[in-house]
There are 2 protein chains.
Amino acid sequence: MKVAVIGYGTVGSGVVEVLLRNHDTIVRRNSLDELELKYILDIRDFPLDPNKEKFTKDFNDILNDEEVGVVVETMGGIHPAFEFTSQLLSKGKSVVTSNKELVAQKGFELLNLAKENKANYMFEASVGGGIPIIRPINNCLSANEIIEIAGILNGTTNYILTKMINDGMSMDEALMRAQQKGYAEKDPTADIEGIDAGRKICILADLAFGKHVFPDQVYTQGIRDITLEDVEFVKDFGGVIKLIGSAKRIPDGRICAQVRPSVILKNSQLATTSGVFNAILVRGNALGDAVFYGRGAGKLPTASAVVADVIDCARHQGKTKILPWGENEKDFVAPNDLISARFYVRAYNVNDGSLAELDRLLGNIRVLERKNQSPDEFAFVTEEIVEKDLREKLGKIGSVEIKSLIPVTDY
Amino acid sequence: MKVAVIGYGTVGSGVVEVLLRNHDTIVRRNSLDELELKYILDIRDFPLDPNKEKFTKDFNDILNDEEVGVVVETMGGIHPAFEFTSQLLSKGKSVVTSNKELVAQKGFELLNLAKENKANYMFEASVGGGIPIIRPINNCLSANEIIEIAGILNGTTNYILTKMINDGMSMDEALMRAQQKGYAEKDPTADIEGIDAGRKICILADLAFGKHVFPDQVYTQGIRDITLEDVEFVKDFGGVIKLIGSAKRIPDGRICAQVRPSVILKNSQLATTSGVFNAILVRGNALGDAVFYGRGAGKLPTASAVVADVIDCARHQGKTKILPWGENEKDFVAPNDLISARFYVRAYNVNDGSLAELDRLLGNIRVLERKNQSPDEFAFVTEEIVEKDLREKLGKIGSVEIKSLIPVTDY
């Protein structure tokens, strides 16, 4: 089978490298006849590239070449990736991608198009980089009702939070450091604001719960407001703050989907996921909790996942793999404040009167301390409560100013 | 498709529970027509069991029923599990198992028999209980050359070591506690001596490196000789002792396969794997390190993996999945002391003369301390060295008595 790669950026060039470097192992281990790279499409010129004879700027070369059975789309963005993918699938060619934005937005549509044309649309690399997660959810956990899926899905923000937690670095300094190291982009908005993680939790929720969830249905809160005060108070509680994307079944059958800073207790596998690493937890009704950990980004790890999909397409020519990904249902995603959890709260302007009120309304709270705490600063963790109820109760307490309100996870 | 379960013990009854409890979800999520439990085979009577009309004591009922497409073998042991499995596969029925002893000993043979008869032999539950690991190695990591696979593969010993590390409990006391909790059997030999983990590392090595490795080719050392002194010295090094099963490619192309206590540094995902949990690390040349964490045993988690295989068999009737598992090659497994690593050593009868010798032969060592250390007790960690060379050098130092020699892992 012949392969084409569209988009010769970091991931695309990694795919080419893995395809060529591990070619013999790949063909032997997977009992394939052949797996040969035929085209690389990019609008830029790469005159010094060792594969320069494979380059083309004309998409039709790939679309119309009947030898090409699998195309790797590593362009990113919705347009023209969506149009290219649609045309390829319509011709019965399988498409493999790391493009989470496109999968989160158009996954259902493209999966259906693949099915109609006896092709495959695969996207293992779109979540968690090199970490196997899409396939395990579909195959290995297929006997479970999935209760929750949650994870550290963005390496940039996890690097920044790790620096704040371990080195007491301020967010601005940690962000600068991340940019210097190439872990954060010049414009880090999509990472810092949780948009990137939001796309990934959509894809995971789609597969775990069987209905398409759009990014704008996910409550998304980034790490911008997390301070070193929060980091220290949470340390006193025996936890760390991580940016967690999660989708969870609630008692009425709907799901809550959100990306937001969350408190993770220290002995959790997610708490020890540091730096640019990612980890994804799946909670099934038979399995209990399983965690998948590894490099969530980077050239070769991501390419590892892309090429695994290419191999799978080559193994299953003419046969579409079934994914439990249904159409969007508008009311399937509930407001995120219906989640029930313990919450960490940092408040100001607290006086004896408001303390008595807090006590009366919330019952048992665990008060936290930090070094150099300012006199009117008050931090605590509640018992388990529905977020909506908590916010209502806190709203009743006159002058108190709430600066942070962060759920404590139970994994 | 109709299913039969052979062996109604902990795992077998869990399989029945998951098949019945999650039936609707399973059929819907996996687009199956039907997946119905038809027989349960056990030599014992279960007069009060809600499924009692499904019981049989005659294996031929299952073997000769053409409706039965998948059989779950959860008997354990080699005989008669091997004979039953062979007969079923010969009739073109797929077999799913959690029987690590049988897979480790006869995997290659049974996989070939399955292939000849267009059936499948699947064993996701044989390693890591509910943790997806067999399928990820085969599919998700298929683009990688695997460099090493290593893990905490036995919950009983991990529970005991965790009690020693966290609570300063003696090994005997921790073992008794494990037996009380049902985590260890009355005769705990297979767990404590590393035999159980040895079978599992065989299965992982077979899939990672493509040749059958027999349990007697794996250097197997249990936890019997680990003391609280070791636990404390290793703490001073910033690590913990875990029983690790590993298979690793060495520079001459062969592999080393072993089960033995190993020092894991504290920030590793394997270090924070506590109690009865398991974790498996896979190091690929593109992926880097990925870790799979979860419940390595237990009724429902193990059943979760078994039923996932059953579903996979139902989805792929008449089509054998390809596994990269080749024949045994006697010389493929090298002596385990060819591994190169840093080593933790605890020694006695050390005097000024032997210290000078140590210094001369080993160069840089890091000396460790513990509370209430006895005057002639001396513990240290070496630089990276091949184990064989280290043992030779230590053998040259006259009176020194080596009590512990434990590799330090680099993951």
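Trainee: Would you take a moment to explain the overall build of chain A for this structure?
Mentor: Tallying secondary structure elements over chain A gives 14 helices and 17 strands in all. By the compact-globule yardstick of 22 Å for 411 residues, chain A fits well, its C-alpha radius of gyration being 23 Å. Taken over the C-alpha atoms alone, chain A extends approximately 75 × 45 × 35 Å along its principal axes. Taken across its 411 residues, chain A has 61% of its residues classed as buried. By sequence separation, contacts in chain A at least 24 residues apart represent 74% of the contacts at least 6 residues apart. For chain A, the centre of its 49 positive side-chain charges and the centre of its 58 negative side-chain charges are spaced 3 Å apart.

Trainee: How should I be thinking about unusual backbone geometry in this particular structure?
Mentor: Leave glycine aside and you will find that most residues have negative phi; peptide bonds, for their part, are mostly trans. For the peptide bond that leads from A:His79 to A:Pro80, omega is 0 degrees, which places it in the cis range. Within the secondary structure, A:Pro80 is located in the loop between strand 4 (68–73) and helix 4 (81–90). Look at A:Ser31: it is not a glycine, yet its phi comes out positive at around 50 degrees. Tracing the backbone shows A:Ser31 in the loop between helix 2 (23–29) and strand 2 (36–41). Within the chain, B:Asn349 stands out as a residue other than glycine whose phi angle is a positive 60 degrees. Tracing the sequence through the fold places B:Asn349 in the loop between strand 13 (340–348) and helix 13 (352–362).

Trainee: It is not clear to me how the relation of the copies chain A and chain B should be interpreted in this structure. Could you clarify?
Mentor: Here the two chain copies are tied together by a rotation about an axis and a shift along that axis. Its rotation angle being 180 degrees, the transformation that places chain A on chain B also includes 0.0 Å of axial translation and leaves an RMSD of 0.0 Å. As the rotation angle and translation indicate, the two copies are arranged about a two-fold axis. Considering only C-alpha atoms, the part of chain A nearest the rotation axis is A:Phe292, at 2.5 Å. By residue overlap, the copies meet face to face through one surface: 100% of the interface positions of chain A are interface positions in chain B.

Trainee: Even after reading the chapter, I still don't get the interface of chain A and chain B, so can you show me in this structure?
Mentor: It is common to report an interface's size as the accessible area lost on association of the parts. Counting residues at the interface gives 50 residues for chain A, matched by 50 residues for chain B. For the pairing of chain A and chain B, the buried interface totals around 4,400 Å² over both sides, and the portion due to carbon and sulfur atoms is 48%. Summed over the shared surface of chain A and chain B, the result is zero salt bridges. For the pair chain A and chain B, the number of links is 20 residue pairs in polar contact (both at pLDDT 80 or more).

Trainee: Please explain helix 8 (residues 171–180) of chain B as it appears in this structure.
Mentor: All names here are of chain B. Here helix 8 has its buried residues at Met171, Ala174, Leu175 and Ala178. Taken around the axis of helix 8, the buried residues stretch over an arc of 100 degrees, which confines them to a single face. Exposed residues on helix 8 whose side chains face more than 90 degrees from its buried face are Asp172 and Gln180. Gly182 occupies a position one or two residues after helix 8 and carries a positive phi of about 80 degrees.

Trainee: Looking at this structure, I do not really get the sheet that holds strand 3 (residues 55–56) of chain A. What am I missing?
Mentor: Strands belonging to one sheet form pairs held by backbone hydrogen bonds; the direction of such a pair is parallel or antiparallel. Residues and elements named next belong to chain A. Spatial strand order, 3-2-1-4-5-6: six strands in an open sheet with parallel pairing. Two strands bound the open sheet, and with one partner strand each, they are strand 3 and strand 6 (121–122). Where strand 5 (residues 94–97) meets strand 6, two bridges bridge the pair, whose relative direction is parallel. Bridged to Val95 within strand 6 is Tyr121.

Trainee: Teacher, can you tell me more about the sheet that holds strand 1 (residues 2–6) of chain B here?
Mentor: All names here are of chain B. If you walk across this open sheet you meet the six strands as 3-2-1-4-5-6, and the pairing is parallel. Each end of this open sheet is capped by a strand with a single partner; those strands are strand 3 (55–56) and strand 6 (121–122). Where strand 1 lies against strand 2 (residues 36–41), five bridges are found, and the strand directions are parallel. Following the sheet pairing, Val5 is matched in strand 2 by Ile40. The strands touched by helix 1 (residues 10–21) within the sheet are strand 1, strand 2 and strand 4 (68–73), with strand 1 carrying the most contacts at an inclination of about 155 degrees. With respect to the sheet, helix 12 (residues 299–315) is in contact with strand 1, strand 4, strand 5 (94–97) and strand 6, its orientation differing from that of strand 5 by roughly 165 degrees.

What counts and what doesn't
- Residues numbered from 1 in each chain as written.
- Chains lettered and ligands numbered in written order.
- Predicted model: local features only at pLDDT ≥ 70, side-chain atom pairs only at ≥ 80, totals over all residues.
- Heavy atoms only, no water.
- Helix = DSSP H or I, 4+ residues; strand = E, 2+ residues; numbered from the N terminus.
- Rg over C-alpha atoms; globule rule 2.2 N^0.38 Å.
- Buried < 20%, exposed > 50% of the residue type's maximum accessible area, 1.4 Å probe, protein only.
- Contact = heavy atoms within 4.5 Å.
- Lys, Arg positive; Asp, Glu negative; His and termini not counted.
- Charge placed at Lys NZ, Arg CZ, Asp CG, Glu CD.
- Least-squares fit on C-alpha atoms with pLDDT ≥ 70 in both.
- Buried area = accessible area lost by both parts, 1.4 Å probe.
- Salt bridge = Lys/Arg side-chain N within 4 Å of Asp/Glu carboxyl O.
- Polar contact = N/O pair within 3.5 Å; in protein donor to acceptor, adjacent residues only side chain to side chain.
- Arc of directions from axis to C-beta.
- Pairing = 2+ DSSP bridges.
- Axes fitted to C-alpha atoms, helices over the stretch in contact; angles between N-to-C directions.

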